Amino acid sequence: GGGDGGGGGGGGPTNDLPSSSLPPQLVAPDPFMDDEVVQRAGAGEISAAAGAQQQHMHEAKPESLPWMDVAAAVPSYGSASLPVGGTAPRREQQPASVFPSWSKATGTSSSESAFKMREEQLAEREKRLAERERELSDREWQVAQGVDGGRPPNWPRCRPTYYHDIDEEVLPEKRDLVRAGYNAWCLSVAGYFMNWIAILALVAGNTGYGFSNFLWATMNLIGGVYLSWTCWYQSLYKAGQTEAAVLPHVAFFLHFSVHTFWCYFTVLAVPYLGNFMAGIFTMLFAFPQGVFYGILCVLNIAIWSLDALVSTYVLGSMFRRFRGAGGIEATRQQGSLASSLFQSATGNAGQLFTTLGGGGGGTSSSAPSS
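Source: prediction; values computed, not measured.

**Some remarks on the packing of helix 7 (residues 175–204) against helix 8 (residues 211–239)**
Their axes nearest at 9 Å, the elements helix 7 and helix 8 cross at an angle of 175°. In terms of orientation, helix 7 lies roughly antiparallel with respect to helix 8. Looking at the contact of helix 7 with helix 8 residue by residue, the class counts come to 21 nonpolar, 8 polar and no charged.

See the structure below:
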């Protein structure tokens with residue numbers, strides 16, 4: 001019985017769970033194999049207890065081994081993820097996108113912003129080109145007008161058209177005369193406007209002045225303002241930039257003499273010749289027609305009288321300074337030189353005509369002899 005029990009114990013659980021199924025470091029010492037225990041108990045009971053102990057230890061979870069953790073998801077053999085006779089299929093890694101994830105969402109907005117920025121740059125460039133073209137046009141106009149040094153125009157202030165600076169361009173000893181001439185020009189402009197207003201009032205008041213008088217007064221206003229600036233004042237301005245240059249001073253004396261004469265003529269307003277001027281004779285006619293008309297004529301006479309006095313002072317002072325600087329002698333020398341050149345030119349022309357005439361006569365006289 002003991003032998004059967006021992007044999008049964010040997011062929012029992014100990015054969016099903018051999019100690020080699022577990023690593024040696026996990027196999028605990030079997031207390032049932034102790035000699036004292038064997039002596040006190042039967043062989044069959046010890047074998048059964050030993051088998052149960054080994055079965056319990058086999059089913060126990062070793063807590064110190066991480067690879068024995070049953071919580072980890074391990075594919076079973078023969079499943080879809082781990083086929084029989086092969087390894088787990090390798091999952092292909094998708095290539096990373098070249099553009100960031102936000103590029104698809106904001107691609108349209110970024111292209112629109114780039115287009116707007118390009119459009120703003122083109123508009124700014126077009127604006128700079130327009131400004132440059134305007135500057136070039138102004139420079140061409142200045143060169144055509146003969147503006148010295150290409151300086152930007154500064155006169156008149158409302159619409160700069162000319163460069164006008166007495167302190168910078170006129171000689172110090174002639175600045176007072178040029179300023180007096182500028183005041184005379186301002187008085188002339190005021191006189192032209194005042195004369196036009198007086199004639200307009202006389203025409204509108206049915207005082208005997210007709211439309212022809214108003215038309216002549218309008219022409220006198222437009223032509224007088226323009227010619228006074230371009231002719232005699234510009235001549236005075238250029239003469240003030242030189243000591244005794246002949247041509248600028250001669251041009252000034254001619255133009256300014258005409259202007260001074262016109263001032264006195266406007267003050268008088270001779271009948272039949274000055275019916276478009278509100279002078280002394282016009283005033284004598286206007287007062288019986290109405291005091292208002294006479295007052296307008298008086299204002300016009302006062303402006304032109306003051307203009308005539310200032311012009312006379314400028315003309316005489318400029319002539320004295322021109323003569324003191326040797327301008328008269330320089331004018332005589334240039335006059336004699338021009339006269340000699342003219343005489344030589346006429347003499348050469350006479351000789352040429354004589355030669356041509358003589359050659360023609362010789363040809364005609366020799367024709368019959370042949």
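**So, the environment of Ala325**
Residue position: Ala325 is located in the loop between helix 11 (291–324) and helix 12 (327–369). Other than its neighbours up to four places away in sequence, Ala325 contacts Glu243 and Ala244.

**Observations regarding helix 9 (residues 246–268)**
Because an α-helix completes one turn every 3.6 residues, residues spaced three or four positions apart along the sequence face the same direction. When the terminal C-alpha atoms of helix 9 are compared, their 33 Å separation across 23 residues agrees well with the 33 Å that a helix rising 1.5 Å per residue should span. By the burial criterion, the buried members of helix 9 are Val246, His249, Phe252, Phe253, Phe256, His259, Thr260, Cys263, Phe265, Thr266 and Val267. At the exit of helix 9 stands Ala269, carrying a positive phi of roughly 55°.

**Here we look at the nonpolar core**
Residues Ile199 and Leu202 are the most contacted members of the largest nonpolar core, which totals 27 residues. Only helix 7, helix 8, helix 9, helix 10 (280–289) and helix 11 provide two or more residues apiece to this core. Excluding residues within four positions of it along the chain, Ile199 makes contact with Tyr209, Asn213, Phe214, Ala217, Asn275, Phe276, Met277 and Ala278. Membership of the second largest hydrophobic core comes to 22 residues, among which are Leu236, Tyr237, Phe252 and Met318.

**Notes on the packing of aromatic side chains**
If you walk through the whole model with that rule in mind, you get 22 aromatic pairs. Centre to centre, the rings of Tyr182 and Tyr233 are 5.8 Å apart; their planes meet at 55°, and the pair counts as tilted. Pair noted here: Tyr182 is in helix 7 and Tyr233 is in helix 8, with a separation of 51 residues, a long-range link. By relative accessible area, Tyr233 is classed as buried at 0%. Seen from their ring centres, Tyr192 and Trp304 are 4.9 Å apart, and the 80° between their planes marks the pair as edge-to-face. One end of the pair, Tyr192, is in helix 7; the other, Trp304, is in helix 11, with 112 residues separating them in the sequence. As far as the burial class goes, Tyr192 and Trp304 line up, both buried.

**Comments concerning the pattern of salt bridges**
Pairs may arise between side chains of opposite charge once their charged atoms sit close together. One pass over the structure, following the stated rule, counts 4 salt bridges. Here Asp167 and Arg179 are joined by a salt bridge, their closest N and O atoms 2.1 Å apart. Taken together, the residues Asp167 in helix 6 (residues 166–169) and Arg179 in helix 7 connect sequence positions 12 residues apart. Residue classification places Arg179 among the partly exposed positions, given a relative accessible area of 36%. Ionic pairing is found between Arg321 and Asp176, a salt bridge with its closest N-O pair at 3.3 Å. Of this pair, Arg321 sits in helix 11 while Asp176 is found in helix 7, placing the two residues 145 residues apart along the sequence. Judged by its relative accessible area of 39%, Asp176 falls in the partly exposed class.

**Let's talk about helix 8**
With 29 residues, helix 8 extends 41 Å between its outermost C-alpha atoms, agreeing within 8% with the 42 Å of an ideal straight helix rising 1.5 Å per residue. Helix geometry: helix 8 is bent most strongly at Ser228, by close to 40°.

**Structural notes on the environment of Glu329**
By the secondary structure assignment, Glu329 is in helix 12. The class of Glu329 is partly exposed, set by a relative accessible area of 46%. Expressed as a C-alpha distance, the spacing of Glu329 and Val246, which sit 83 residues apart in the sequence, is 9.8 Å.

**Let's talk about unusual backbone geometry**
With an omega of -10°, the peptide bond running from Trp155 to Pro156 counts as cis. Position of Pro156 among the secondary structure elements: in the loop between helix 5 (103–145) and helix 6. In this model, Ala269 sits at a positive phi of 55°, which is unusual for a non-glycine residue. Summarising the element assignment, Ala269 is placed in the loop between helix 9 and helix 10. Given the relative accessible area of 2%, Ala269 is considered buried. Look at Tyr272: it is not a glycine, yet its phi comes out positive at around 70°. Checked against the element boundaries, Tyr272 lands in the loop between helix 9 and helix 10.

**Comments concerning the confidence of the model for the protein chain**
Chain-level pLDDT for the protein chain is 77 on average; 64% of the residues reach the 70-or-more range. At the low end of the mean pLDDT range in the protein chain sits helix 1 (residues 2–10), at 43; at the high end sits helix 7, at 96. Here residues 77–82 is modelled with pLDDT under 50, and outside its nearest four sequence neighbours on either side it reaches 11 contacts, counting other chains as well. Within the model, the stretch residues 101–105 combines pLDDT values under 50 with 0 contacts to residues more than four positions away or in other chains.

**Some remarks on the side chain of Asn300**
When you line up the elements, Asn300 lands in helix 11. Excluding residues that lie within four positions of it along the chain, Asn300 makes contacts with Gly191, Met194, Asn195, Thr266, Ala278 and Gly279.

What counts, and where the lines are drawn
Here the residue numbers are simple positions, counted from 1 along each chain's written sequence. A pLDDT threshold of at least 70 governs which residues receive local features in this predicted model, and a stricter bar of 80 or more applies before side-chain atom pairs are shown or counted, although totals over entire chains, interfaces and linings include all residues. Where side-chain values are given, they derive from all heavy atoms of the structure, hydrogens and water being excluded. Here an angle of 0 to 180 degrees is reported between the N-to-C directions of two axes, which are lines fitted to C-alpha atoms, with helices fitted over the stretch in contact. Numbered from the N terminus, helices here are DSSP runs of H or I no shorter than four residues, and strands are runs of E no shorter than two. Should an angle fall under 35 degrees it is taken as roughly parallel, and over 145 as roughly antiparallel, whereas 65 to 115 is taken as roughly perpendicular and any remaining angle as oblique. Note on residue categories: nonpolar means Ala, Val, Leu, Ile, Met, Phe, Trp, Tyr, Cys or Pro, charged means Asp, Glu, Lys or Arg, and polar means any other residue, Gly included. A contact between two residues is defined here by any heavy atoms of the two lying within 4.5 Å. Take the number of residues in a helix, subtract one, and multiply by 1.5 Å to get its expected span. Only protein chains enter the accessibility calculation, which uses a 1.4 Å probe. A residue is then buried if its area is under 20% of the maximum for its type, exposed if over 50%, and partly exposed in between. Side-chain atoms within 4.5 Å link the members of a nonpolar core, which is a set of buried Ala, Val, Leu, Ile, Met, Phe, Trp, Tyr and Cys residues. We call Phe, Tyr and Trp rings a pair once their centres come within 6.5 Å, taking the six-membered ring for Trp, and we label the pair stacked below 30 degrees between planes, edge-to-face above 60, and tilted otherwise. By definition, a salt bridge exists where a carboxyl oxygen of Asp or Glu is found within 4 Å of a side-chain nitrogen of Lys or Arg. Given a residue, its bend is the angle between the two axes fitted to the seven residues that end at it and to the seven that start from it. Think of pLDDT as the predictor's per-residue confidence, scored from 0 to 100.

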